[in-house]
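Notes for the structure review
Listed here are the chains, written in short residue letters.
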Amino acid sequence: MSHIVTLQTKVHDPIAVANACQRLGLAQPIRGTAELFSGEATGLLLQLPEWQYPAVIDTTSGVIHFDNYNGAWGDQARLDSFLQRYAVEKARLEANRHGHRVCEELLQDGSIKLQIIEGGG
């Protein structure tokens, strides 16, 4: 049976964050405090390519604090790509935890199709 799922991503899982960074070829985030233009933020410091300030992931609340000045200090598409990959990695971790297998397909429009096979170990 097939189901279409739409996700609103909150970033809570540091393992899925690390996996997403690895898959995107990003440096692994480190826990710390960053000075953003609009103030300080503490959490996992995610350095996105060509971003002036890091994105700071608060894994307790799931919120990402960032200051890209409407794209002037960092392309929003870089963060969107990370969020997409995080959602895929989190779904993969949860499926595997329940003993399911995951097949992944990158579609022409840039979206990612996941097929979770029940009991596929």
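Just above sits the structure.
These lines cover the structure that appears in this document, whether it is placed above or below. (Residues numbered from 1 in each chain as written. Predicted model: local features only at pLDDT ≥ 70, side-chain atom pairs only at ≥ 80, totals over all residues. Heavy atoms only, no water.)

Where helix H1 (residues 14–24) is concerned, the buried positions are Ala16, Val17, Ala20 and Cys21. Seen end-on, H1 carries its buried residues on one side only, within an arc spanning 140°. What points out from H1, more than 90 degrees from its buried face, is the exposed set Ile15 and Gln22. Capping the start of H1 is the job of one residue whose side-chain oxygen sits 2.8 Å from the backbone nitrogen of Ile15: Asp13. Of the residues trailing H1, Gly25 is marked for its positive phi of about 75°. (Buried < 20%, exposed > 50% of the residue type's maximum accessible area, 1.4 Å probe, protein only. Helix = DSSP H or I, 4+ residues; strand = E, 2+ residues; numbered from the N terminus. Arc of directions from axis to C-beta. Polar contact = N/O pair within 3.5 Å; in protein donor to acceptor, adjacent residues only side chain to side chain.)

We now examine the sheet that holds strand E2 (residues 39–46). The strand order E1-E2-E3-E4 describes an open sheet built from four strands, whose pairing is antiparallel. Among the strands making up the open sheet, the edge pair consists of strand E1 (30–36) and strand E4 (63–65). Going from strand to strand, the sheet's axes swing by 45° on average, the running direction of each strand aside. Where strand E3 (residues 55–58) lies against E4, three bridges are found, and the strand directions are antiparallel. Of the residues in E4, the one forming a bridge with Val56 is His65. (Pairing = 2+ DSSP bridges. Axes fitted to C-alpha atoms, helices over the stretch in contact; angles between N-to-C directions.)

This part takes up the packing of aromatic side chains. For any pair of aromatic rings, geometry is given as the distance between the ring centres together with the angle between the planes. Counting across every chain of the model gives five aromatic pairs. A ring pair is formed by Tyr53 and Trp73, whose centres lie 5.5 Å apart and whose planes are at 65°; its orientation type is edge-to-face. Of this pair, Tyr53 sits in the loop between E2 and E3 while Trp73 sits in the loop between E4 and helix H2 (76–97); the two residues are 20 residues apart in sequence, bridging distant segments of the chain. Accessibility expressed as a relative area gives 16% for Tyr53, which makes it buried. The exposure class of Trp73 is buried, given its relative accessible area of 18%. An angle of 25° between the planes, with centres 4.8 Å apart, marks the rings of Tyr69 and Trp73 as stacked. Take Tyr69: its relative accessible area is 53%, and that puts it in the exposed class. Ring pairing ties together the aromatic residues Phe37, Tyr53, Tyr69 and Trp73, which thus form one cluster. (Phe/Tyr/Trp six-rings, centres within 6.5 Å; stacked < 30°, edge-to-face > 60°.)

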